[in-house]
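Working through the structure, step by step
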Amino acid sequence: MTLLRTERETLERYLPGLDKYLRDTPLVDLEKPGAGALETFRELGGPALLVPAEYEGKGASMLDAVRIQRAIGSRSPSLAVATTMHHFSVASLVELTQAGNGFEWAMLMAIAENSWLLSSGFAEGKPGQHILSPTMRGIPADGGIVVSGTKKPCSLTWSMNLMSASVAVAGPDGGSGRTAVVLVPADTEGIERAPFWRSTALAAAESDQVTLNEVFVPDALIFYPQDSESMDPIQARGFVWFELLICASYLGAATNLAERVIERGRGSEMDRAGLAIELESAAAALEHVAITAAHTNDNERTIERVVMSATAVAGGMAFIESPDIAYLLAATRALAFHPPSREAAAAPLVRYLSGLPLML
């Protein structure tokens, strides 16, 4: 099938065997908690995907990463979402390394050599919460900071080897100080994990609860952005990676539905062509952004339209006969819950277009 040929060829080039494993495993099994997709991803070297080749990684470009996440999302939305959180953290480390801020290069080599997975403990799904608002608090200590707080949901809760998180570090007088980003080994004393995610949609992404109880983080695993209200260049680049990869992941899930309609010849030729045209237009926009690292159009709406159309064209019997249709319909809607929301991003984008700094 022509749809997704390039994306799946790209996935096979970087992670041979992963697409076959995902294709041969029923969707309903892949999307169950503890299904094994994350472990297979790890075994095939997936955690090293964005680590530069000079640090023993696979060195995937932003364009190839977008294509890979779409291919994975078309087979297992949960795996695509979970690994996007990992890639976001790794991409931020890469940007730090290029800025020459510390020993991040050694951490990148460790990720590549050991296939470590990184969770991302940044913004939560709370209405009105600033995208950079820390979810944890830190108190200065000799040689580092002591961190406490809870992150929920936190993808890769059970499979992570390291947790990356934003922390509000208290000032010398105990008042508000600076925002820090920390890396915490998952086996550090004081880390607790608990179930949180109750929806069946994206359940295999392990988006549960992680609590840090007075966890000591050494200075070597801490870095400080410019301030808490605007993004420094490293943060900005990291969020570009996140938005691209999460959109590609959900676009892949939407493409799964369209594939089913096209393969089974459901609806009219105009219906089937329309689905493919919308999907490929959104993919082209994402790929353009990946090449230029600039802003793009509203692909979230495209995914929503295609999913609803593909579900309708597939027909009531397809919905009744297989749980996959309802599952994909529910899973793709989760894109709307990832920060920043359309409403929250509108005013900052308008200010940016008028010549002011971009502040999300």
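The rules we used
- Residues numbered from 1 in each chain as written.
- Predicted model: local features only at pLDDT ≥ 70, side-chain atom pairs only at ≥ 80, totals over all residues.
- Heavy atoms only, no water.
- pLDDT = per-residue confidence, 0-100.
- Contact = heavy atoms within 4.5 Å.
- Helix = DSSP H or I, 4+ residues; strand = E, 2+ residues; numbered from the N terminus.
- Expected span 1.5 Å × (residues − 1).
- Buried < 20%, exposed > 50% of the residue type's maximum accessible area, 1.4 Å probe, protein only.
- Salt bridge = Lys/Arg side-chain N within 4 Å of Asp/Glu carboxyl O.
- Phe/Tyr/Trp six-rings, centres within 6.5 Å; stacked < 30°, edge-to-face > 60°.
- Axes fitted to C-alpha atoms, helices over the stretch in contact; angles between N-to-C directions.
- Parallel < 35°, antiparallel > 145°, perpendicular 65-115°, else oblique.
- Nonpolar A, V, L, I, M, F, W, Y, C, P; charged D, E, K, R; others polar.
- Left-handed = near helix turned anticlockwise from the far one by under 90°.

**Concerning the confidence of the model for the protein**
Per-residue pLDDT for the protein averages 84, and the proportion of residues at 70 or more is 80%. Counting contacts from residues 294-298, a segment whose pLDDT is below 50, to residues more than four positions away or on other chains yields 7 contacts.

**Thoughts on helix α5 (residues 62-75)**
Between its first and last C-alpha atoms α5 spans 20 Å; for 14 residues at 1.5 Å apiece the expected length is 20 Å, and the two agree. In terms of burial, α5 is largely enclosed, as 14 of its 14 residues are buried.

**Observations regarding unusual backbone geometry**
Cis peptide bonds are those with omega within 30 degrees of zero, and the linkage from K152 to P153 qualifies with -5°. The residue P153 is located in strand β3 (residues 144-154) in this model. In this structure, S115 takes a positive phi of about 55° despite not being glycine. One can find S115 in the loop between α7 (104-114) and β1 (118-121). Residue class for S115 comes out buried when judged on its relative accessible area of 14%. Positive phi values are uncommon outside glycine, yet E206 reaches one of about 60°.

**Quick word on the side chain of H86**
With respect to the secondary-structure elements, H86 resides in helix α6 (residues 77-99). You can call H86 buried: its relative accessible area is 0%. Ignoring sequence-local partners within four residues, the contact set of H86 consists of P47, I111, W116, L117, L118 and L156.

**Quick word on the pattern of salt bridges**
With the rule as written, the count across this model stands at 10 salt bridges. Across the salt bridge formed by D24 and K20, the nearest N and O atoms sit 2.8 Å from each other. Of this pair, D24 and K20 both sit in helix α2 (residues 18-24), 4 residues apart, which is roughly one turn of that helix. Taking relative accessible area as the criterion, D24 reaches 46% and is therefore assigned partly exposed. Look at K20 and you get partly exposed, because its relative accessible area is 49%. Between D29 and K32 there is a salt bridge whose closest N-O contact spans 3.6 Å.

**Re the environment of I246**
Secondary-structure assignment places I246 in helix α8 (residues 233-263). Here the alpha-carbon distance between I246 and V81, two residues 165 residues apart in the chain, equals 6.5 Å.

**Some thoughts on helix α9 (residues 269-292)**
Three- or four-residue spacings in an α-helix give side chains the same orientation, since the helix completes a turn every 3.6 residues. The end-to-end C-alpha distance of α9 is 34 Å, a good match for the 34 Å that 24 residues give at a rise of 1.5 Å each. Within α9 the residues assigned to the buried category are R272, L275, L279, A282, A283, A285, L286, E287, V289 and A290.

**What about the packing of aromatic side chains?**
Here the structure, examined in full by the defined rule, presents 2 aromatic pairs. An angle of 50° between the planes, with centres 5.4 Å apart, marks the rings of F88 and F239 as tilted. Taken as a pair, F88 in helix α6 and F239 in helix α8 lie far apart in primary sequence, 151 residues in all. What links up through ring pairs into an aromatic cluster is the set F88, F239 and F242.

**Here we look at the packing of helix α1 (residues 5-14) against α5**
Here α1 crosses α5 at 105°, and the two axes come no closer than 8 Å. One finds that α1 runs roughly perpendicular with respect to α5. Contact residues: α1 offers T6, E7, R8, T10, L11, R13 and Y14, while α5 offers D64, R67, I68, R70, A71, I72, S74 and R75. Its residues placed into classes, the contact of α1 with α5 shows 5 nonpolar, 3 polar and 7 charged.

**A word on the packing of α5 against α9**
Each pair of packed helices can be described by the angle between their axes along with the distance between the axes. At a closest axis distance of 8 Å, the pairing of α5 and α9 adopts a crossing angle of 150°. Between α5 and α9, the angle is such that the two are roughly antiparallel. When the axes of α5 and α9 are compared, the crossing they make is right-handed. Here M62, L63, V66, R67 and R70 of α5 come into contact with α9, specifically with L279, E280, A283, L286, E287, V289, A290 and I291. Tallied by class, residues from the contact of α5 with α9 come to 9 nonpolar, no polar and 4 charged.

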